[in-house]
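Here is what each chain is made of, one letter per residue.
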Amino acid sequence: MIRKKTLYGSSGLRLLRLPVGKDNSIDTAGKNIADLDRTTAANMLSVTGVKANAPMIMCGKYNKLYPVLKQLLRMSPTSYVLVGTKKDLEDSCFTHISTDWRENQLTSNNLPDGNGMIVLRPGTETIYMMKEVVPNWYDHFVVLCLGNGLQVDLELLHILNCLGKYIIVTESLGRSIRGSEEGKITAEEVLVSMDYIVISAIGTSAKSLMSVLPSYECEKITNTVDFSFHRDSPDNVSGNIHHRNGGGLQVGQARTQETKCIVTQDDLIKMQDNNTMLIYNARVSHTWVARIAR
C-alpha cells in the first residue's frame, strides 16, 4: 500500500460567529402604511373610507376615540343608539353626545324614533337580555360599549353581525370578551369580524391585532464575521517535529425572505405614547396612521 506523505496533520476549530451591525436590516418600503400626520376626524374618515355602514371596532381611551366616534355619528344615515353601563355613558365624555331620548332598561319593543342612549346595569343577566332584544334594533346604528360590565360572546357577535352595521367601543378588548363554555370567542375572532378597525391603544391584545393586519414581504440581511483557530500537528514519520498554529477571519452575508406584519408591538406602543391612531379598512386592505386634532 502506498502511503501519501504529509508534513502536517491539521485540525481546525470555529471559535466564534458574530452578527455585524444591524443583523435584521429590513426594507420597509412595501409596508403599505399611509401617514396622515395631524388631521381632523372628518378628514381622516374621508381619506380612509371608514363609514357608519359596517361592523367596526374602536379600541382605546374614550377621550381619544371621542372625536372620531362623534364624527361617525354625524355621518350616520340612520338614527343611532349608544348602549353601555353608567361608567361608559354617564361617567365619560360620551355623555356629551347629543341624543333625543334615554332609557335605563331593555324592552322587547322596537326602539323609539331618533337618536338614543340606553344605560344598563353590568352583569351576565343583562347580556342574556340583550340577545333577545338586539335583533329588533335593525333600524338604528348600534354603538355598544364593552369592558366596563358588559361583554360579548360568540352568540351576541353573530346577532350584531346580522344587523350589518354597528360599532364596538372598548378601552380593553380583553375585558370585553366573555369566555363562556357555550360560546367561547377570542380577541382575534372579534377583530377578524370587523370591516373597520380603529386603534389608539390595544393593550394585551396586540398579538391578536397583528394576526389580523396585512403582512408584507421583506428581505432580511445578516452580516457575519467568523473567527477560527487552526493547529497543525507534526508528522513524526517524516521527521517533522514542529507545530504550526494560526487563526482565520471570514466575513459573510446572508439574505433571506421573510413575511412580517406591517406593525410590531413596539410600533403599537410608540403610537400610543405619541397619541397616534391606527386605522385599518379591511374592505380595501389598507392601513393608515394619524394624529387626530381635537
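Keep in mind the model is a prediction, meaning the values are calculated, not measured.

(A) The arrangement of the packing of helix α4 (residues 124-133) against helix α5 (residues 154-163) in detail. Axis separation between α4 and α5 bottoms out at 10 Å; the angle between their running directions is 30°. In terms of orientation, α4 lies roughly parallel with respect to α5. Crossing handedness for the pair α4 and α5: left-handed. Two secondary-structure elements touch here, α4 through I127, M130 and K131 and α5 through E155, L156 and I159. A per-class count over the contact of α4 with α5 returns four nonpolar, no polar and two charged.

(B) Representation of the environment of E258. On the secondary structure map, E258 appears in strand β11 (residues 244-261). Residue E258 is classed as partly exposed on the basis of its relative accessible area, which comes to 22%.

(C) Quick peek at the sheet that holds strand β6 (residues 116-120). Taken together, 10 strands build an open sheet; the order of strands is β2-β13-β12-β9-β3-β8-β7-β4-β6-β5 and the sheet is mixed. The strands lining the two open edges of the sheet, one partner per strand, are β2 (33-39) and β5 (101-103). Taken over all neighbouring pairs, the strand axes of this sheet differ in orientation by 15° on average, direction set aside. Pairing analysis gives three bridges linking β5 to β6, with the strands arranged parallel. Its bridge partner lying in β6, W101 is registered against G116. The strands touched by α5 within the sheet are β3 (55-59), β7 (141-146) and β8 (166-170), with β8 carrying the most contacts at an inclination of about 135°.

(D) Region of interest: the packing of aromatic side chains. Tallied over the entire structure, the rule returns two aromatic pairs. Residues Y66 and F94 carry aromatic rings whose centres are separated by 6.5 Å and whose planes lie at 25° to one another, so their mutual orientation is stacked. Of this pair, Y66 sits in helix α2 (residues 62-75) while F94 sits in the loop between α3 (86-89) and β5, and the two are 28 residues apart along the sequence. In this pair, the class of Y66 matches that of F94, namely buried.

Calculation criteria
- Numbering of residues starts from 1 in every chain and runs along the sequence as written.
- The predicted nature of this model means local features are confined to residues of pLDDT at least 70 and side-chain atom pairs, given and counted, to a pLDDT of 80 or more, with totals for whole chains, interfaces and linings taken over all residues.
- Here the side-chain values reflect all heavy atoms present in the structure, with hydrogen atoms and water set aside.
- Fitted lines through C-alpha atoms give the axes, limited to the stretch in contact for helices. The angle between two N-to-C directions lies from 0 to 180 degrees.
- In this description a helix means any DSSP run of H or I spanning at least four residues, a strand means any run of E spanning at least two, and both kinds are numbered starting from the N terminus.
- Just so you know how the angles are binned, under 35 degrees is roughly parallel, over 145 roughly antiparallel, 65 to 115 roughly perpendicular, and the rest oblique.
- Crossing handedness: left-handed means the near helix sits turned counterclockwise from the far one by under a right angle, and right-handed means the same turn made clockwise.
- Only heavy atoms enter the contact rule, under which two residues are in contact if any of them lie within 4.5 Å.
- Each residue gets one of three labels, nonpolar for Ala, Val, Leu, Ile, Met, Phe, Trp, Tyr, Cys and Pro, charged for Asp, Glu, Lys and Arg, and polar for the others, Gly among them.
- For each residue, the accessible area found with a 1.4 Å probe, counting protein chains only, is set against the maximum for its type, and the residue is called buried under 20%, exposed over 50%, and partly exposed in between.
- Should DSSP find at least two bridges between two strands, the strands are regarded as paired.
- Two rings from Phe, Tyr or Trp (for Trp, the six-membered ring) form a pair when their centres are within 6.5 Å of each other. A pair whose planes differ by under 30 degrees is stacked, one over 60 is edge-to-face, and the rest are tilted.

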